[in-house]
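In case you want the letters, here they are:
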Amino acid sequence: MLVDGIHDLGGMQGWGAVGHTPAEPVFHHRWEAVARALLVVVAGAVQASGGEFRHSIERMEPGHYLTSSYYEHWLTAAATLAVEHRLVTGSEIEARAGGRFPLSGPVLAPPVVDAGPDVGTPRFAVGDRVRVRDWHSPGHTRCPGYVRGKTGTVVRLDGIHSVPDIEAHGAARRHEPTYSVRFDAAELWGDGQRGVRVHVDLWDSYLEPS
Amino acid sequence: MPEGFIEQITRRYESEIGPLNGAKVVARAWADPEYKMRLLADGTAGIAELGFGGPEGDHMVVVENTSIVHNVIVCTLCSCYPWPVLGLPPAWYKDPPYRARMVREPRALLAEIGCPLPEEVEIRVWDSSAEVRYLVLPQRPPATEGMTEAELAALVTRDSMIGVARL
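Residues numbered from 1 in each chain as written. Chains lettered and ligands numbered in written order. Predicted model: local features only at pLDDT ≥ 70, side-chain atom pairs only at ≥ 80, totals over all residues.

## Side note on the overall build of chain B
So, step 1. Counting its secondary structure elements, chain B contains ten helices and four strands.
So, step 2. The helix and strand sequence of chain B, counted from the amino end, reads α-α-α-α-β-β-α-α-α-α-β-β-α-α.
So, step 3. Compactness check: chain B gives a C-alpha radius of gyration of 16 Å against a globular reference of 15 Å for 167 residues, within 12% of the reference.
So, step 4. Projected onto the principal axes, the alpha-carbon positions of chain B cover approximately 55 × 40 × 25 Å.
So, step 5. Among the 167 residues that make up chain B, the fraction classed as buried is 49%. (Helix = DSSP H or I, 4+ residues; strand = E, 2+ residues; numbered from the N terminus. Rg over C-alpha atoms; globule rule 2.2 N^0.38 Å. Buried ≥ 20, exposed ≤ 12 C-beta atoms within 10 Å, placed from the backbone.)

## Quick word on unusual backbone geometry
So, step 1. One non-glycine residue, Gln47 of chain A, lies in the positive phi region at around 55°.
So, step 2. Position of Gln47 of chain A among the secondary structure elements: in the loop between α1 (30–45) and α2 (50–58).
So, step 3. Judged by C-beta crowding, with 9 C-beta atoms within 10 Å, Gln47 of chain A ranks as exposed.
So, step 4. Backbone geometry at Glu56 of chain B places phi at a positive 65°, although glycine is not the residue there.
So, step 5. Mapped onto the secondary structure, Glu56 of chain B falls in the loop between α4 (43–49) and β1 (60–64).
So, step 6. When the 20 C-beta atoms within 10 Å are taken as the criterion, Glu56 of chain B is described as buried.

## Here's the deal with helix α5 (residues 90–97) of chain A
In an α-helix, one full turn covers 3.6 residues, which means residues spaced three or four apart are oriented alike.
So, step 1. In terms of residue burial, α5 of chain A counts as a barely covered element, since only zero of its eight residues are buried.
So, step 2. The first or second residue beyond α5 of chain A is Gly98 of chain A, which carries a positive phi of 75°.

## Details of the domain arrangement of chain A
All names here are of chain A.
So, step 1. For chain A, the domain assignment lists domain 1 (30–97) and domain 2 (129–209).
So, step 2. Here the C-alpha centre of domain 2 lies 27 Å away from the C-alpha centre of domain 1.
So, step 3. At the junction of the two partners, domain 1 supplies six residues and domain 2 supplies four residues.
So, step 4. The class makeup of the residues in the side of domain 1 that touches domain 2 is no nonpolar, three polar and three charged. (Domains from an automatic or database assignment. Contact = placed C-beta atoms within 7 Å. Nonpolar A, V, L, I, M, F, W, Y, C, P; charged D, E, K, R; others polar.)

## Remarks on the interface of chain A and chain B
So, step 1. Tallying the contact residues gives 44 residues for chain A and 48 residues for chain B.
So, step 2. Breaking the side of chain A that touches chain B down by element, the ones donating at least two residues are α1, β2 (151–162) and β4 (196–203) of chain A.
So, step 3. In terms of residue count, β4 of chain A provides more of the side of chain A that touches chain B than any other element does, eight residues in total.
So, step 4. In terms of residue class, the side of chain A that touches chain B is built from 22 nonpolar, 13 polar and nine charged.
So, step 5. In the sheet, β4 of chain A pairs with strand β3 (residues 122–127) of chain B via five bridges, with the strands oriented parallel. Each bridged residue has a counterpart across the sheet, and for Arg197 of chain A the counterpart in β3 of chain B is Arg124 of chain B. (Pairing = 2+ DSSP bridges.)

## Quick notes on the nonpolar core
Soluble globular proteins: nonpolar side chains tend toward being buried together.
So, step 1. Judged by nonpolar contacts, the single largest core of 68 residues is most densely connected at Val198 and Leu202 of chain A together with Val26, Val72, Val74, Val125 and Leu135 of chain B.
So, step 2. Considering each element in turn, this core owes the most residues, six residues, to helix α2 (residues 19–31) of chain B.
So, step 3. Apart from the residues lying within four places of it in its own chain, the contact partners of Val198 of chain A are Phe183, Ala185 and Leu188 of chain A together with Val103, Val125 and Asp127 of chain B.
So, step 4. With 23 residues, the next largest nonpolar core counts Ala35, Tyr65, Leu75 and Ala82 of chain A among its residues. (Core = buried A, V, L, I, M, F, W, Y, C linked by C-beta atoms within 7 Å.)

Laid out in structure tokens, this is it:
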């Protein structure tokens, strides 16, 4: 089963009000602070990369992800990483919890053994037109679905960073340049909206010349 | 878990790190044009001049609002946010409606949140999908000449630095 993750929310329709507040407590309940601390500790203990950490949240069952609060995502991820790295079993967690404790779904992408060489020289310059590759990876990526196959303009060159698609799936690493790419919103959504530009920060291998 | 770890994290983000940091950066930029140029050229170095930096702030880009440009930040994929200058993000920033709608219908969404912008104002949405973290430099409000940096900083709201409000 190859699906793009439920977390990839940009552009999804049907959502209502944002529920904006101008100020609010950092943690609404103490368990949220515990969940935050727990994920940091577990991720450290299993030496999870940032990509593996994020991917453990992204693999939540879609209904669970959409209907649970942010720190429940962190709690689920902490438990999932702990079970997957054999610190504890799912049964032990459920026995302690006194009931069901849903974990995230399994990793669907194979481990990355050969990441290929680092890319030290940017392939693109400011002003270049680029098209985002229309990949649908079964694993972690930081390429939002709403820009795949779309054409934009490079507006900024950022640093060379570890490719998330690689680091989430094993110990191998590849480093590539990153760019801020500007898209015209009317071209993204086909709705004629005017005067809106959406900028997305993308790794070198996500892009091809337009 | 190390002794006191939960309390340490809670205290750090409830008391020590928050939007007051970003407000100081903004006030300095308003008061000192050369600082503003340095800040816009290199956000990380600019905020470091005031002693701010650290996790989720290692690669900062500051984007400037003008009378014809309005910037707003989102992380559609999760919750990326410039912790050293704004603290931890609010729930609404991390929840699906904001993440889904801000890249699709920003003008309508900003108006709903209380920030209506005419069509002549270009809206620039920044989706924090890689390592860069963004801070919006709001426009300095009128009738603030002669104010000290501390007085200016007191005018700067958290929401204006995310870009869901203007001052």
